[in-house]
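# Examining the three-dimensional arrangement
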Amino acid sequence: MSTGTTVDLSERKVVHDERVKERNKLQRLVIRPEMGALIGAVVIFIFFLVVAPPFRGPDALATVLYGSSTIGIMACAVALLMIGGEFDLSAGVAVTTSSLAGSMLAWNFHLNLWAGAALALVLSLAIGFFNGYLVMRTKIPSFLITLGTLLMLSGANIAVTKLVSGQVATPSVSDMQGWDSARLVFASTLPIFGVQVRITVLWWLLFTAIATYVLFKTRIGNWIFAVGGDQESARAVGVPVTRVKIGLFMYVGFSAWFLGMHLLFSYNTVQSGQGVGQEFIYIIAAVIGGCLLTGGYGTAIGAAIGAFIFGMVQQGIVYAGWEPDWFKFFMGVMLLFAVIANNAFRNYAAKR
Amino acid sequence: MRFSRLAAIAGTGLLVLGIASCSSTGGKPRESEGGGGGGTVDTPRMTIAMVTHEVPGDSFWDLIRKGAEAAAKKDNIELRYSNDPEAPNQANLVQTAVDSGVAGIAVTLAKPDAMRAAVENAEKKGIPVVAFNAGQDAWKEMGVKEYFGQDGYIAGQSAGERLKSEGAKKAICVIQEQGHVDLEARCAGVKNTFPATENLNVNGKDMPSVESTITAKLQQDPSIDYVVALGAPFALTAVQSVKNAGSSAKVGTFDTNAALVDAIKNGDVQWAVDQQPYLQGYLAVDSLWLYLNNGNVIGGGQPVLTGPSFIDKSNIDAIAEYAKGGTR
């Protein structure tokens, strides 16, 4: 065997086949999960700018953003949970549970409202933990577990409220200590360039930014994608699957608490029947934004765009002054349009 | 596990914090009021079923139930309350009441056709049925003995007349549950006497979206100078929307609750059309007691109207006390 032959590497050509093809920057941008939603949002935005003159003002934008923000804060958490491969159907009612708990604990025991809020946070995180623990422990799909929690919570909301306050709405807490400062944090309005912007809009953007950072720049983010993609493989390579998933359910609990506090401090009394059905709106927003129902794929920014589309369509129809009886129909058409645009774009981008 | 210990410590810390930081203002009334236990009749104990189409968690139905319970207590009646917003389920609830052999049935007829079979079964068995709150067009031909309620359309008409007399130019009628028969009837009534009325559908399960939708409508059409809400919680939200939109529109509403009293007092809400839900619940139970014990029938075959009447600044003080107590 001769080992002395020298290989002249300078003459050698590197073979490029399609599997290792470098993507250019533009292509890398267009295959992002939220791209389809972004284009859908822009198209719908321009559409309403054309058909609805009152939609053009900055005040209208502030109204649309507010409507979007209360959906978006929850959609962000729900999207993370969906990327992690689970659903939470109790998310809508959990918001009401949290604001009821905060209000009635403070009212009943004469606590400072901040203390009531802190106890409500403990409760909300506990509900998230309960969901996550049961899902991981029993291996029953989260769809069923959280469906159970949804029914339990919606019943408990009404029953407990009635036990405590004797009626189905909570008593007013606006004369209690901590009201003003809590209202400042959860439900104030800030003048930005002369436009009255609700503070939830800023919180929404902040939460989305943090979630995006965690998803793409930290180890926890990798874990979330891993457990949503393939739970068993993730466990095999050492991802703490149980903790990640329980953590995600608890993050949904945290967001439900935050939105619950917003409802409490902006409306003062809470109706115990609220929130049923909202969970689907959060999931819809996440899906429009490019999350897959099967998990392992999606972004937080996408969920924010999804919430924006939802808020925009909801208010845009009113700004356009269309026949109100058709309201839900128009909303369905717009959402279908957004999802199809999203899907078509994703397929197109995937082929490239 | 380190994680769970950390969570436990955080939880305990929050509890301690919660107990240490009390609010010296507001909250639950500190001294307990003595319950007024009035006298009761000496007629034999009997069971009456009340079956409504209540959507769980609406403060309006609290008042109906409180009235019914007050009458039951006075009349030595065991009241079995049940409810389901879906008409077929509500009909089943009536049927179970019939099967369990109650002495009388009080029922709301929001969707009369779905209820007909169950109500007629009750009458076949000789169980007297009274209707209240909804079903003014249908109760008589179904063989129901009495009816207590407010006609949604008539109430809407009187609200429309009120708008006219206050010199309103354009109004919106906010429907929190699209397709609800009585709510649509109210708005149709408003439109009948005040033609410059537009309906606006909102998602009543989600207050922020109610707020933004009304705001959006006010921004879209600045000529709107009156918002008519169909429930007290939505009227209070509409007040915020009006502020958000920088509009000068006034707010009026149907139905009342405790929080609305302050809003009427300080002028945020102009008036409320009151259908006296407490009275409806009370009369439904009390009329059955009268019929079962003495054969009395109230109303002489005509509907007994419990509304509409207006609550505004001029008479709010007389009602405020009861509203705070949760009975108006």
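This text goes with the structure placed above it.
The present account deals with the structure reproduced in this document. As the structure is a computational prediction, the values presented were derived from the model and not from experiment. (Residues numbered from 1 in each chain as written. Chains lettered and ligands numbered in written order. Predicted model: local features only at pLDDT ≥ 70, side-chain atom pairs only at ≥ 80, totals over all residues. Heavy atoms only, no water.)

## Points about the interface of chain B and chain A
The interface of chain B with chain A comprises 48 residues on the first partner and 46 residues on the second. Counting the surface lost from both chain B and chain A, the interface buries some 4,300 Å², and carbon and sulfur atoms represent 54% of this. Sorting the residues of chain B by area buried against chain A places Lys 28, Lys 205 and Pro 208 of chain B first, and these three jointly supply 13% of that buried surface. Summed over the shared surface of chain B and chain A, the result is 2 salt bridges. The tally of links from chain B across to chain A stands at 13 residue pairs in polar contact (both at pLDDT 80 or more). The element best represented in the side of chain B that touches chain A is helix 7 (residues 207-220) of chain B, accounting for 11 residues. Here the residues of the side of chain B that touches chain A are counted per class, giving 13 nonpolar, 25 polar and 10 charged. (Contact = heavy atoms within 4.5 Å. Buried area = accessible area lost by both parts, 1.4 Å probe. Salt bridge = Lys/Arg side-chain N within 4 Å of Asp/Glu carboxyl O. Polar contact = N/O pair within 3.5 Å; in protein donor to acceptor, adjacent residues only side chain to side chain. Helix = DSSP H or I, 4+ residues; strand = E, 2+ residues; numbered from the N terminus. Nonpolar A, V, L, I, M, F, W, Y, C, P; charged D, E, K, R; others polar.)

## Looking at the pattern of salt bridges
Considering all chains together, one arrives at 14 salt bridges over all chains under this definition. One salt bridge in this structure joins Asp 62 of chain B and Lys 162 of chain A, with 3.6 Å as the shortest N-O distance. Of the two residues, Asp 62 of chain B is situated in helix 2 (residues 59-74) and Lys 162 of chain A in helix 6 (residues 142-165); the pairing between them involves two chains. Taking the relative accessible area as the measure of exposure, Asp 62 of chain B reaches 4% and is therefore buried. Three or more residues joined by partner-sharing salt bridges are found here, namely Lys 170, Glu 198, Lys 217 and Asp 221 of chain B. (Buried < 20%, exposed > 50% of the residue type's maximum accessible area, 1.4 Å probe, protein only.)

## Observations regarding the environment of Gln 196 of chain A
Residues and elements named next belong to chain A. Along the polypeptide, Gln 196 turns up in strand 2 (residues 195-198). Residues Gln 196 and Pro 58, spaced 138 residues apart in sequence, show a C-alpha to C-alpha distance of 9.2 Å. The residues contacting Gln 196, other than those within four sequence positions of it, are Ala 62, Thr 189, Leu 190 and Pro 191.

## Section: the environment of Leu 218 of chain B
Residue and element names in this part refer to chain B. With respect to the helices and strands, Leu 218 occurs in helix 7. Residues Leu 218 and Ala 110 lie 108 residues apart in sequence; the distance between their C-alpha atoms is 32 Å. Apart from residues no more than four positions distant in its own chain, Leu 218 is found in contact with Ile 224, Val 227, Ser 241, Val 242, Ala 245, Ser 247 and Ala 249.

## Some details on the sheet that holds strand 3 (residues 104-107) of chain B
The strands making up a sheet associate through hydrogen bonds between their backbones, and the pairing can be parallel or antiparallel. Residues and elements named next belong to chain B. Here 6 strands make up an open sheet; going across it, the order is 2-1-3-4-5-11 and the pairing parallel. The open sheet is flanked by strand 2 (77-83) and strand 11 (304-305), the only strands paired with a single partner. Here strand 4 (residues 129-132) runs beside strand 5 (residues 147-149); their pairing, made up of 2 bridges, is parallel. Counterpart to Ala 131 in the pairing with strand 5 is Tyr 147. (Pairing = 2+ DSSP bridges.)

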